[in-house]
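Spelled out, the chains give:
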Amino acid sequence: MLNSVEKILDKLNDSQKQAVLYNDGPSLVIAGAGSGKTRVLTRKVAVLLKQGLAPWNIMALTFTNKAAREMKERIATMVDPASASLLWMGTFHSVFLRILRAEASALGYSSAFSIYDTADSKNLIKSIIRDLGLDEKIYREGAVHARISSAKNDLISATAYANNAALQERDLFTKMPRIAEIYQRYVQRCRLASAMDFDDLLYNTNVLFRDHPEILKAYQSRFQFILVDEYQDTNFSQHLIVSRLAERHHKVCVVGDDSQSIYSFRGANIDNILNFKKTYPECLMFKLEQNYRSTQTIVNLANSLIAKNKMQIPKSVFSKRETGNKIQVLSAFSDMEEAFMIANKINEMHMSLYDPWSEFAVLYRTNAQSRILEDALRKRSIPYRIYGGMSFYQRKEIKDIIAYLRLVINPSDEEAFKRVINFPARGIGKTTLDKIQQAANQHQTTFWEICANPLSYNLPVHSGTENKLRQFSSLIESLKPLALTLNVYEFTKKLVQDSGINQALLQDNSEEGISRQEHLESLLSGMHDFCQNRLEEGNEQLLLPDYLAEISLLTDQDEVDEGDKVNLMTVHAAKGLEFKNVFVSGLEDGIFPSIRNQESERELEEERRLLYVAITRAGDHCVLSYAKSRFRNGQTEYSKPSRFLNDLDKNLLDLPTRAFAEQELPSASGSTHRPASFYNPSANKPHWPTEQRTKTPTEKISSRQGKWTKLSAKPGGSTVGQDNAFKAEAGSSGVKTSKGEFRLGQRVLHERFGEGLIQKIEGQGDNCKIGVEFKQAGYKLLLLKFASMKALN
DNA sequence: GACGACGACCTTTTT
DNA sequence: GGTCGTCGTC
């Protein structure tokens, strides 16, 4: 334990060490692609803990759940897992949601407020556009939502928006002069519904800190060290929260790479990282320039590209790996030929390199490009998966049930109400809903209030309808108390029963109906796993609000599909990932760079960074391709190779001797289906509680809720095994329980986590806690009495 | 209220 | 080309 800080620093290079060790003031870590950024962040947290900072004094912010989870896991292997779990570590949204729930009353909110996801926000905006009688062709909810969202990210209130000449002029120019009014109403309706949208989680945190100095002060003293990952992607709202919180201690470490800033369209402001030194003049800058991921050729090629950007922090990323092959450029006549060339090339490389399919990725600029690539891969019988499809939680039947759950917790939730008022069909249609909405608008009250008291508001409905409304509201009322006593799994089982959802689903024996039943099954078993995981970890918060808190900010980005398949995704989705072999397709002017980002140098630079991100995903091989013609929006379009190809160092390119795709092969299996994607449950397989299941959505949810990742050999080169050397052994060496005897080093089999080795035993008898390093799921500290685990010989 | 036809739409999307 | 939303019909 004496030299534990040294152990933490083990295997770091000099600049990584310096970045990890400097904790006396603000610092900026410029982390080039593949330079071991996560290693630095996690080890820095470990050092801070070893130096005596309490975990609750440290805030670590990321952009994705996945990044947060991976960091937590790695930290847990270096320090006591219990203290790792007490860190304030998570996405911006989840960390500040936690604070907002605690401080809701200061903002005049109930702490049971709902969270509107993007779909909810757009629905509400659409409804407001209709209320105002505006032309829906001109005022498209997506566009309006984008304006409101970016205003919020810039901390412009609805009033400020209305008074801002530049914004007004812009809205006038785009023929939507009444956006300010929509914004105003949108804010009111969210308030009334006791709901916050994603942007509000940051906006309201700023309001909280601005209007309540005493609250701000408490958090300022609490968070003695703040770390921010991917700082180049922060928007103004996030930047200001961090600055405010760091005001007192000035101990803030931001990590990022300005060359990988690709989210400006979501409000990210690259100036936050470029100007960090201005905000904190005393800050130290550390540059991580050694790339451990890619061959020298790949690194040099990426450098030659990014050198064309003017706005950047100077850095020289280098690799000490082998030189590697030149980067091949494929030129195709058509998009279809391009797809076949890529499929053939993948096949060829798979055979000659012995790399698994999962080490191949095909990247593209827009999702629309994926279809043709899918076709080509399918015809070559190459297994593939697509990232960025619809998430489990975005499926209609799942959203509908979640809406019920939200409504029980917060009956004011308008979007949830509208979703479930006629699900399952109970004869309350559009007409009635319109009447309710009108009454709600007129009386400035919630849909729920009208529904619960139709007579008091003279709702013009027949007695039959009135009766149905009453039944619905008493259904919700009857469920309310149960939400606070039953665990979420039991509760939801009761809910689907009482509400008639179960019955409705069982009656529907169509293909979709059966799929819906399976999704419900998956949701339920996900809930069961949620409860089980928490119990085993000694966390007894199993109620509906606890569950909602965990899933409301989940997106599907962080799925884990361990099948050996080629990865298809947009360049944006590939950020943070790495593959041995990467194909970047569709390198044509108008696509990459996108036609819509060619106007200004600033936009063009972001597109260039996007290509930089794409190329730097590759470890061993990178292949670039373009097609001269492409079928788009229903017609064939012709375009020139991307201007970015000219930015690349020609000496590193293997330019095309034209290769023709082979003729189409007959379909091997006769199956014309997409391969079952990871969230499609295999039909009729029993779900929980069998021991060996095929992978189902359940697994997926539970894997997230249980915070474990299937260890792909991916991030950063560091392995859990390595880091494990740090773990302190403590406790007894054996324990007798009603489930048998367990001792250190014992092999165990867990119902969900699989096989593992006992590393630690704390306490006596059935109440003991057992620390297990699972082969797949990583380290877990489990309460034996709840753990479904048995000893193996 | 359910279902089929037709027309408009189409960059990226960590929460 | 494919999807989604709206409108018209039963």
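Every chain's residues receive numbers from 1 upward, in the order its sequence appears when written. Chain letters start at A and ligand numbers start at 1, both assigned in the order the entries are written. At least 70 in pLDDT is required for a residue's local features to be given in this predicted model, at least 80 for side-chain atom pairs to be given and counted, and no such filter applies to totals for whole chains, interfaces and linings, which use all residues. Computation of side-chain values: all heavy atoms of the structure, hydrogens and water removed.

1. With respect to helix H2 (residues 14-21)
- Burial here depends on accessible area, computed with a 1.4 Å probe over protein chains only, as a share of the maximum for the residue type. Under 20% is buried, over 50% is exposed, and the range in between is partly exposed. To qualify as a helix, a DSSP run of H or I must reach at least 4 residues; to qualify as a strand, a run of E must reach at least 2; elements of each kind are numbered from the N terminus. Gln16, Ala19 and Val20 are the residues of H2 that are buried. Looking straight down H2, one finds that the buried residues subtend no more than 100 degrees of arc, so they occupy a single side.
- Residues of H2 that are buried make contact with helix H1 (4-9), strand S1 (27-31), helix H3 (37-50) and strand S8 (284-288).
- Its side-chain oxygen 3.2 Å from the backbone nitrogen of serine 15, asparagine 13 forms the N-cap of H2. To obtain the arc, one takes the directions from the helix axis to the C-beta atoms. By definition in these notes, contact holds between two residues if any of their heavy atoms fall within 4.5 Å. The definition of a polar contact used here is a pair of N or O atoms within 3.5 Å, where within protein one atom must be able to donate a hydrogen and the other to accept one, and adjacent residues in sequence count solely through side-chain atom pairs.

2. Brief notes about the protein's contact with DNA strand C
- For DNA strand C, the full set of nearby residues is Lys126, Arg130, Arg371, Phe631, Asn633 and Gly634.
- Here a residue is near a molecule or strand as soon as one of its heavy atoms is found within 4 Å of it. Atoms of DNA strand C within 4 Å of the protein: sugar and phosphate make up 67%, bases the balance.
- One of the side-chain N or O atoms of arginine 130 is found 2.7 Å from a phosphate oxygen in DNA strand C.
- Put simply, Ala, Val, Leu, Ile, Met, Phe, Trp, Tyr, Cys and Pro go in the nonpolar bin, Asp, Glu, Lys and Arg in the charged bin, and everything else, Gly too, in the polar bin. Of the residues assigned to the surface near DNA strand C, the class counts are one nonpolar, two polar and three charged.

3. Some thoughts on the environment of lysine 37
- Tracing the chain through its elements places lysine 37 in helix H3.
- In this structure, the C-alpha to C-alpha distance between lysine 37 and aspartate 229, residues 192 residues apart in sequence, is 8.8 Å.

4. Some details on unusual backbone geometry
- In this structure, proline 424 follows phenylalanine 423 across a cis peptide bond, with omega equal to -5 degrees.
- Within the secondary structure, proline 424 sits in the loop between helix H21 (414-420) and helix H22 (430-443).
- The backbone of asparagine 458 shows a phi angle near 50 degrees, a positive value even though the residue is not glycine.
- Given the relative accessible area of 64%, asparagine 458 is considered exposed.

5. Describing the pattern of salt bridges
- Salt bridges are identified by distance alone: a Lys or Arg side-chain nitrogen within 4 Å of an Asp or Glu carboxyl oxygen. What the rule picks out here adds up to 42 salt bridges.
- Among the salt bridges present, the one from glutamate 588 reaches arginine 630, with a minimum N-O distance of 2.7 Å. Placement of the pair is glutamate 588 in the loop between strand S15 (579-584) and helix H30 (601-615) and arginine 630 in strand S16 (residues 618-632), with a sequence separation of 42 residues. This pair shows no difference in class: glutamate 588 is buried, exactly as arginine 630 is.
- Here the salt bridges share partners, and the residues they tie into one network are Lys37, Asp229, Glu230, Asp233 and Lys575.

6. What about the packing of aromatic side chains?
- In summary, the pairing rule links any two rings of Phe, Tyr or Trp, Trp by its six-membered ring, whose centres are within 6.5 Å, and it sorts them by plane angle into stacked for under 30 degrees, edge-to-face for over 60 and tilted for everything else. Under the definition given, this model contains 17 aromatic pairs.
- Aromatic side chains tyrosine 22 and phenylalanine 286 sit 6.0 Å apart centroid to centroid with 45 degrees between the ring planes, which places their arrangement in the tilted category. Of the two residues, tyrosine 22 sits in the loop between H2 and S1 while phenylalanine 286 sits in strand S8, which places them 264 residues apart along the sequence. Grouping residues by exposure puts tyrosine 22 and phenylalanine 286 together as buried.
- Residues phenylalanine 63 and phenylalanine 92 carry aromatic rings whose centres are separated by 5.4 Å and whose planes lie at 50 degrees to one another, so their mutual orientation is tilted. A residue pair is termed long-range when its members are at least 10 positions apart, and phenylalanine 63 in the loop between strand S2 (58-62) and helix H4 (65-78) and phenylalanine 92 in helix H6 (residues 92-103) qualify at 29 residues.
- The exposure class of phenylalanine 92 is buried, given its relative accessible area of 1%.
- The rings of Trp88, Phe209, Tyr219 and Phe223 are connected pair by pair, giving a single aromatic cluster.
- Arginine 98 extends its terminal NZ or CZ atom over the ring of tryptophan 88, reaching a point 3.6 Å from the ring centre.
- Directly above the ring of phenylalanine 113 sits arginine 101, whose terminal nitrogen or CZ lies 4.3 Å from the centroid. Whether a charge sits over a ring comes down to the Lys NZ or Arg CZ being within 6 Å of the ring centre and within 35 degrees of the ring normal.

7. Points about the nonpolar core
- Each nonpolar core is a collection of buried residues, namely Ala, Val, Leu, Ile, Met, Phe, Trp, Tyr and Cys, held together in the definition by side-chain atoms within 4.5 Å. In this structure, Tyr393, Tyr404, Phe417, Phe472, Leu495 and Leu523 are the most contacted members of the largest nonpolar core, which totals 53 residues.
- Grouped together as the second largest cluster of nonpolar side chains are 43 residues, Ile30, Trp88, Ile215 and Tyr219 included.

8. Remarks on the sheet that holds S8
- At least two bridges found by DSSP between two strands are what make those strands a pair. An order of S3-S2-S6-S7-S1-S8 is seen for the six strands of this open sheet, with the pairing classed as parallel. The open sheet has two free edges, formed respectively by strand S3 (88-91) and S8, since each of these has just one partner strand. The mean inter-strand angle of the sheet, taken between neighbouring strand axes irrespective of direction, is 15 degrees.
- Relative to strand S7 (residues 252-256), S1 is paired through four bridges, and the arrangement is parallel. Across the sheet, residue isoleucine 30 finds its bridge partner in S7, namely glycine 256.
- Packed on one face of the sheet, H3 meets S1, S2, S3, strand S6 (225-228), S7 and S8 and runs near 170 degrees to S6. Helix axes are fitted to C-alpha atoms over the stretch in contact, other axes to C-alpha atoms as well, and angles between N-to-C directions run from 0 to 180 degrees.

9. Overview of the packing of helix H20 (residues 396-409) against helix H24 (residues 463-483)
- Contact pair H20 / H24: the axes reach a minimum separation of 9 Å and the direction vectors enclose 80 degrees. Comparing their axes, H24 and H20 come out roughly perpendicular. On H24, the residues that touch Tyr404, Leu407 and Val408 of H20 are Phe472, Leu475, Ile476, Leu479, Lys480 and Ala483.
- The class makeup of the residues in the contact of H20 with H24 is eight nonpolar, no polar and one charged. These descriptions rest on fixed angle ranges, namely under 35 degrees for roughly parallel, over 145 for roughly antiparallel, 65 to 115 for roughly perpendicular, and the rest for oblique.

10. A word on the packing of helix H7 (residues 118-131) against helix H11 (residues 179-192)
- At their nearest, the axes of H7 and H11 sit 10 Å apart, and the two run at 120 degrees to each other. The orientation of H7 relative to H11 falls into the category oblique. In terms of crossing hand, the pair formed by H7 and H11 is right-handed. The residues of H11 that touch H7, namely those facing Ser121, Leu124, Ile125, Ser127, Ile128, Ile129 and Asp131, are Ile182, Arg185, Tyr186, Arg189 and Cys190.
- Here the residues of the contact of H7 with H11 are counted per class, giving seven nonpolar, two polar and three charged. We call a crossing left-handed when the near helix sits turned anticlockwise from the far one by less than a right angle, and right-handed when that turn is clockwise.

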